[in-house]
Amino acid sequence: MQKEQPTINQLLFGFLRLGATAFGGPSMVAYIRKLVVEQKNWMDAKEFNAGVAFCQLIPGATAMQMAAYVGLYLRGVTGAAISFIGFGLPAFFLMLFFAMIYTRTGNLPVVVSAFSGLQAVVVAIMANAVWSFSKVTIKKWRHAGIALIAAGLFWLNISPLLVICLAALAGWLVLATPSGEELSIGKVSS
């Protein structure tokens, strides 16, 4: 399938809409993937996954970095700026609006209860993103093993930088075989 080259306006409005409708912090990367790879066919999965790996290595909000990465990959520096701004503007204005309301009503019991409920929903949003992203990313038993070990290290409060470096080292040591093949899930190797 031929990849499409988006216009600057398509990037802007695509990321504006995504920024206004996708919720969940890092889980938004799965929504970006859906837009860019599955719906619009602007990038293939391999290109997108390389961007995710790259954006995970640098500090900051991964979803915002992915928006900029996609724009940069597709339309250069202008595309990066447009995608970043388009993705971030809805959240910026929503935060301003909710911050103004919260400063006036934050101590009301109904507001405290509502925010407690919203905190619980964040767990569900993150779980959905993990499931969605893992279905398209983890194709080998070895990938699943590295992911589980990394999750365990995060659970033990190991530094994210150290976990990322260890995962990269594990990928280099474990995933590369002398024949260049990897063991697929569901495939028995001899």
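Residues numbered from 1 in each chain as written. Predicted model: local features only at pLDDT ≥ 70, side-chain atom pairs only at ≥ 80, totals over all residues. Heavy atoms only, no water.

Novice: I would appreciate a short explanation of helix α6 (residues 141–155) in the present structure.
Specialist: A turn of α-helix holds 3.6 residues, and therefore any two residues three or four places apart point the same way. In a regular helix each residue adds 1.5 Å, so 15 residues correspond to 21 Å; α6 covers 21 Å between its end C-alpha atoms and thus fits that length. Here α6 has its buried residues at Ala-144, Ile-146 and Ala-150. End-on, the buried residues of α6 take up no more than an arc of 160 degrees, which puts them together on one face. More than 90 degrees from the buried face of α6, the exposed residues found are Leu-148, Ile-149 and Trp-155. (Helix = DSSP H or I, 4+ residues; strand = E, 2+ residues; numbered from the N terminus. Expected span 1.5 Å × (residues − 1). Buried < 20%, exposed > 50% of the residue type's maximum accessible area, 1.4 Å probe, protein only. Arc of directions from axis to C-beta.)

Novice: How should I be thinking about the pattern of salt bridges in this particular structure?
Specialist: Note that side chains of opposite charge can pair when their charged atoms are close. Taken as a whole and assessed by the stated rule, the structure comprises one salt bridge. Arg-33 is the partner of Glu-38 in a salt bridge, and the nearest nitrogen-oxygen pair spans 2.8 Å. A relative accessible area of 48% means that Glu-38 is categorised as partly exposed. Residue Arg-33 is classed as buried on the basis of its relative accessible area, which comes to 7%. (Salt bridge = Lys/Arg side-chain N within 4 Å of Asp/Glu carboxyl O.)

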